[in-house]
Amino acid sequence: MNQTQRHDKIVTLITQRGFMSIDELVEQCAVTPQTIRRDLNQLAESGVLSRYHGGAGINKSWENTPYQERKNHNRHIKEKIADAVAAMIPDGASLFINIGTTTEMIATKLLNHKNLHVVTNNIHVATILSAKEDFTVIIAAGEVRYRDGGIIGEATCDFISQFRMDYGIIGISGISADGALLDFDFREVKVSQAILKHTRKAILAADYSKFERHAMVEQGHLSQVNCMVCDKTPPPAIKKIIDDNNITFVKA
């Protein structure tokens, strides 16, 4: 496979999946990581793809990857992150859980806990956790987003604002180099901002593909969270923000 053929294959794969890591592309193209990095840099410079820490994604800042693709992408990594987050939550705690495939995985890991009190704007999280008789699960009011079961809108923000919870578990679509937390839907962002405002300890769960990934709506800043759980050490600029703000970083 020459370089042109390899570039075509890389673009096709990333267009289909939304994001691919360097390791995944190495396996698909049967070349070295150094070659893939060089290919991705060239494609990013030409504007075909967006280069992120650990891989590359489609060049759209206004539209997220389809839900089912996000759910399956990096599944084993999300499971490790979910295990780490669940281990932080004590029995009897109260918590918010927002929209996201990683937060849905976290919900499955919380099923071994006892007497949790959960407020969520994620239909899938509510369904998962409602299987436990000793859990109190409250689902937010608002508009149900058809593509992923997220509940959003002004009514959702008002509902969330009635609570003050021990923990807020949030996912995110992207984290810029300056620490901005980014997402694609301004209505979802408003709900997540309300969660951050009304939680005593905010836990950000994000895999490495979220570093320097572009999305057009700013939800907040990394300095607003108390703890970040990720599978890899963040890039230097983001690590400095974590250190400067005394954010607990947990490597899953």
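What counts, and at which threshold
Residues numbered from 1 in each chain as written. Predicted model: local features only at pLDDT ≥ 70, side-chain atom pairs only at ≥ 80, totals over all residues. Heavy atoms only, no water. Helix = DSSP H or I, 4+ residues; strand = E, 2+ residues; numbered from the N terminus. Buried < 20%, exposed > 50% of the residue type's maximum accessible area, 1.4 Å probe, protein only. Salt bridge = Lys/Arg side-chain N within 4 Å of Asp/Glu carboxyl O. Axes fitted to C-alpha atoms, helices over the stretch in contact; angles between N-to-C directions. Parallel < 35°, antiparallel > 145°, perpendicular 65-115°, else oblique. Left-handed = near helix turned anticlockwise from the far one by under 90°. Contact = heavy atoms within 4.5 Å. Nonpolar A, V, L, I, M, F, W, Y, C, P; charged D, E, K, R; others polar. Phe/Tyr/Trp six-rings, centres within 6.5 Å; stacked < 30°, edge-to-face > 60°. Pairing = 2+ DSSP bridges.

1. Focus on unusual backbone geometry
Then, in step 1: At Asn 115, a position not held by glycine, the phi torsion is positive, near 55°.
Then, in step 2: Note that Asn 115 resides in the loop between α6 (101–109) and β5 (117–120).
Then, in step 3: Residue Asn 115 is classed as partly exposed on the basis of its relative accessible area, which comes to 41%.

2. Section: the pattern of salt bridges
Then, in step 1: In the structure shown here, the tally under the stated rule is twelve salt bridges.
Then, in step 2: Close ionic contact of Arg 145 with Asp 185 constitutes a salt bridge, the shortest N to O distance being 3.1 Å. Of this pair, Arg 145 sits in the loop between β7 (143–144) and β8 (151–152) while Asp 185 sits in the loop between β11 (180–183) and α9 (186–197), placing them 40 residues apart in sequence. Asp 185 carries the same exposure label as Arg 145, and that label is buried.
Then, in step 3: Salt bridges linked by common partners bring Glu 143, Arg 145, Asp 148, Asp 185, Arg 187 and Glu 188 together as one network.

3. Re the packing of helix α1 (residues 3–17) against helix α2 (residues 22–29)
Then, in step 1: Packing of α1 against α2 leaves a shortest axis separation of 11 Å and a crossing angle of 130°. It follows that α1 is oblique to α2 by the angle criterion. The interaxial crossing formed by α1 with α2 has right-handed handedness. Residues Arg 6, Lys 9, Ile 10, Leu 13, Ile 14 and Arg 17 of α1 lie in contact with α2, whose contacting residues are Leu 25, Gln 28 and Cys 29.
Then, in step 2: Classifying every residue of the contact of α1 with α2 gives five nonpolar, one polar and three charged.

4. Notes on the packing of aromatic side chains
Then, in step 1: On inspection of all chains with the given rule, the structure shows two aromatic pairs.
Then, in step 2: A centroid spacing of 6.5 Å and a plane angle of 65° characterise the contact between Phe 19 and Tyr 208, whose relative ring orientation is edge-to-face. Here Tyr 208 lies in the loop between β12 (199–205) and β13 (217–221) and Phe 19 lies in strand β1 (residues 19–21), a separation of 189 residues in the sequence. With respect to class, Phe 19 is no different from Tyr 208; both count as buried.

5. Describing the pairing of strand β3 (residues 55–58)
Then, in step 1: Looking at chain direction, β1 and β3 are connected through three bridges and run antiparallel. Within the sheet, the bridge partner assigned to Ser 21 lies in β3 and is Gly 55.
Then, in step 2: Note that strand β2 (residues 49–52) and β3 share four bridges and pair antiparallel. When the sheet's bridge partners are listed, Ser 50 is paired in β3 with Gly 57.

6. Observations concerning the sheet that holds strand β15 (residues 248–251)
Then, in step 1: Across the sheet, seven strands lie side by side as β6-β5-β4-β9-β12-β14-β15; this open sheet has parallel pairing. Each edge of the open sheet carries a strand with a single partner, namely β6 (136–139) and β15. Pairs of neighbouring strands in the sheet enclose a mean axial angle of 20°, with direction left out of account.
Then, in step 2: The pairing of strand β14 (residues 227–230) with β15 spans four bridges and is parallel. Bridge pairing in β15 links Cys 227 to Thr 248.
Then, in step 3: Of the strands in this sheet, β4 (94–97), β9 (165–170) and β12 touch α9, which is tilted by about 130° from β12.

This is a description of form; function is not addressed.
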